[in-house]
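Each chain, written out:
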Amino acid sequence: MTPDAPLFPSRRIVLASLAGLVGAAVVSRGARAAGRPVKLVAFGDSLTAGYGLPDPDGFTSRLEAALRAKGHAVEVVNAGVSGDTTDMGLARLDWSVPDDADAVIVELGANDALRGLPPAAARDNMDAIVGRLRAKKLPVLVAGMYAPRNLGEPYAKAFDPLFAAIAEKHGALLYPFFLDGVAGDRTLNQPDGIHPNAAGVKIIVERILPKVEELLGQVKAKAG
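A quick note: this is a predicted structure, and the numbers were derived from the prediction, not measured. (Residues numbered from 1 in each chain as written. Predicted model: local features only at pLDDT ≥ 70, side-chain atom pairs only at ≥ 80, totals over all residues. Heavy atoms only, no water.)

1. Things to note about the pattern of salt bridges
- For the structure on display, the rule yields 12 salt bridges.
- Residues Arg 62 and Asp 57 are paired through a salt bridge, measuring 3.2 Å at the closest nitrogen-oxygen approach.
- Judged by its relative accessible area of 21%, Asp 57 is partly exposed.
- The residue Asp 94 makes a salt bridge to Arg 132 at a minimum N-O spacing of 2.8 Å. In this pair, Asp 94 sits in helix H4 (residues 86-96) while Arg 132 sits in helix H6 (residues 119-135), placing the two residues 38 residues apart along the sequence.
- Take Arg 132: its relative accessible area is 34%, and that puts it in the partly exposed class. (Salt bridge = Lys/Arg side-chain N within 4 Å of Asp/Glu carboxyl O. Buried < 20%, exposed > 50% of the residue type's maximum accessible area, 1.4 Å probe, protein only. Helix = DSSP H or I, 4+ residues; strand = E, 2+ residues; numbered from the N terminus.)

So, in structure tokens, the structure goes:
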């Protein structure tokens, strides 16, 4: 500061500076919105997290590569936590899905079924998760799960339909069974018989891809 400079700037200078900062921020946000890839968050459990697989073979990496190969500018964020049940997912929802997310795939429920937890509780948790995401105007794809048949027919009848019911209630997209084409096939699963291997993940991505593209279409429609 020079000796004859005022200690405080004039009100006009302050207002002009603030206006410039606000204008720059608006331009910056517009540039990011126009230039950055669509941020698609895969929010789930070990099936999303890529349990037992190197990162390039995990679901989110494979899905991002498949979408980019089809010309979609997209970043798929891995928000999967191994072992999560629907109530655990609900507890971490707000900090797991960033504010700049454009769409969300919700893949939860497998651990509820494996532990024999009450289907009604899983339904309530999924209702809260999807409801909160939709309240933020986020397009959502619900990736459903089927209960292990050794839990009995009454359990399966209560558990299996809950994902479709939640998707319909909140106007979300539905992919009925995340492990379609993979569950029960030893050649497509790791030795535990539960988690898909690299070949299994490839099939999951191939089968869910059309629904994910539909989800991205909703993002595009919303932006337009």
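2. Focus: the confidence of the model for the protein
- The predicted model of the protein has a mean per-residue pLDDT of 88, with 85% of residues at 70 or higher.
- Here residues 1-32 is modelled with pLDDT under 50, and outside its nearest four sequence neighbours on either side it reaches four contacts, counting other chains as well. (pLDDT = per-residue confidence, 0-100. Contact = heavy atoms within 4.5 Å.)

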